[in-house]
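Descriptive structure summary
Listed below, chain by chain, are the residues.
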Amino acid sequence: MKLLVAVKRVVDYNVKVRVKSDKSGVETAGVKMSMNPFDEIAVEEAVRLKEKGIATEIVAVSIGVNQAQETIRTALAMGADRGVLVETDVAVEPLAVAKLLKELAAKEGAELVILGKQAIDDDMNATGQMLAALLGWPQGTFASKVEIADGKATVTREVDGGLETVELALPAVVTADLRLNEPRYASLPNIMKARKKQIDILKPADLGVDVTPRLTMVSVSEPPGRKAGIKVPDVATLVEKLRNEAKVI
Ligand code: AMP
């Protein structure tokens, strides 16, 4: 079974993002970029399926600028076999990514596509769902457990108030939630080996997809800053302030 994993290059989750002064977006120049954390979980799950003998080949796909090859290399060092970069300088939206992944899934003959549930840069939480719709494949989103057997994927999903288990006929789309697994760190030998693995570079036009944005970013602003707190001398004053100033009791 061939597997496609989508990996997005995003601002590292440890970086405190700063809004550009013209409010057109967040500052990315000179900022540490890494693989989207949910995509690390998706790669880990794919590698585990290969280690179990269920997946035969894992293709890591990224859509974005040329430097997104580094993100693909990380996936290759974790255990993916090959990479595909769809190179574009356009800030791609979920629908464009889903259209490109659809073409690649068909081209590669993939039976399972694993994505992160959400990219932490613009929190769309839409690409996996759109991809499943475009392909006409079943989807198991927010997966916290995935089992593959007899041409089916059994996916446990984290929903409000509990866990829901769904059974999908393959081919299918799965999106990874936080508790699906704990991604491995790539070992030095595997990082070295990954340098020799193949990355094919395509353009969106090679797949017949128009990635022109359909949304216009109006403005990006910082959340309002918190006001400094005060110290109160005793409980009576605290109660008085909660009652008369904050009006919460
Ligand atoms: P989103 O719908 O943007 O929150 O992203 C959900 C998931 O889709 C991510 O976790 C990735 O697995 C995948 N994805 C989104 N954008 C890209 C991209 N530019 N390149 C590769 N994968 C992506």
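A brief structural summary. (Residues numbered from 1 in each chain as written. Predicted model: local features only at pLDDT ≥ 70, side-chain atom pairs only at ≥ 80, totals over all residues. Heavy atoms only, no water.)

**Some thoughts on the sheet that holds strand S5 (residues 82–87)**
To keep things clear, this is the line we draw: Paired strands, as defined in this entry, are two strands with at least two bridges between them according to DSSP. Counting from the N terminus, the helices are the DSSP runs of H or I reaching at least four residues and the strands are the DSSP runs of E reaching at least two. Helix axes are fitted only over the stretch in contact, all axes being lines through C-alpha atoms; the angle between N-to-C directions runs from 0 to 180 degrees. By definition, residues are in contact when any of their heavy atoms lie within 4.5 Å.
Here we have nine strands laid out as an open sheet, ordered S9-S8-S7-S10-S6-S1-S4-S5-S11, and mixed in their pairing. Edge strands, defined here as strands with exactly one partner in the open sheet, are strand S9 (162–169) and strand S11 (199–202). Taking each pair of neighbouring strands and ignoring which way they run, the sheet shows an average axis angle of 30 degrees. Here strand S8 (residues 152–159) runs beside S9; their pairing, made up of eight bridges, is antiparallel. Residue pairing in the sheet places Ala 153 in a bridge with Leu 168 of S9. Packed on one face of the sheet, helix H1 (residues 37–51) meets strand S1 (2–6), strand S4 (57–64), strand S6 (112–116), strand S7 (139–149) and strand S10 (172–176) and runs near 150 degrees to S6. Each of S4, S5 and S11 touches helix H2 (residues 68–78); the most contacted strand, S5, lies at about 165 degrees to it.

**A few points about the site of the ligand**
The following threshold applies: Residues are labelled near a given molecule or strand when at least one of their non-hydrogen atoms is within 4 Å of it. We define a polar contact as two N or O atoms separated by no more than 3.5 Å, with the added condition that, inside protein, one atom must be a possible hydrogen donor and the other a possible acceptor, whereas residues neighbouring each other in sequence contribute only through side-chain atom pairs. Each accessible area value is a Shrake-Rupley result obtained with a 1.4 Å probe; residue values ignore everything except the protein chains displayed when judging cover.
Around the ligand there are 18 residues in total, and Asp 39, Ile 63, Ala 119, Asn 125 and Thr 127 lie nearest to it. Measuring from an oxygen atom of the ligand, one finds a side-chain N or O atom of Asn 36 at 3.0 Å. Between the ligand and Thr 127 there is a distance of 2.7 Å, counted from an oxygen atom to a side-chain nitrogen or oxygen. Starting from 480 Å² of accessible surface for the ligand in isolation, the protein chains cover 98%. Secondary structure elements with two or more residues in the shell around the ligand: S4 and S6. Considering every element that reaches the shell around the ligand, the biggest residue donor is S4, with three residues.

**Describing the packing of helix H3 (residues 94–108) against helix H4 (residues 127–135)**
Note the threshold: Any angle that falls under 35 degrees is termed roughly parallel, while one over 145 is termed roughly antiparallel, one within 65 to 115 roughly perpendicular, and all others oblique. For any helix crossing, the convention is left-handed if the near helix is rotated counterclockwise from the far helix by under a right angle, and right-handed if that rotation is clockwise.
Interaxial distance between H3 and H4 falls to 8 Å at its minimum, and their mutual angle equals 50 degrees. Put simply, H3 runs oblique to H4. Like other packed secondary-structure pairs, H3 and H4 cross with a definite hand, here right-handed. Here H3 contributes Pro 94, Leu 95, Val 97, Ala 98, Lys 99, Leu 101, Lys 102 and Ala 105 to the contact with H4, which in turn contributes Thr 127, Met 130, Leu 131, Leu 134 and Leu 135.

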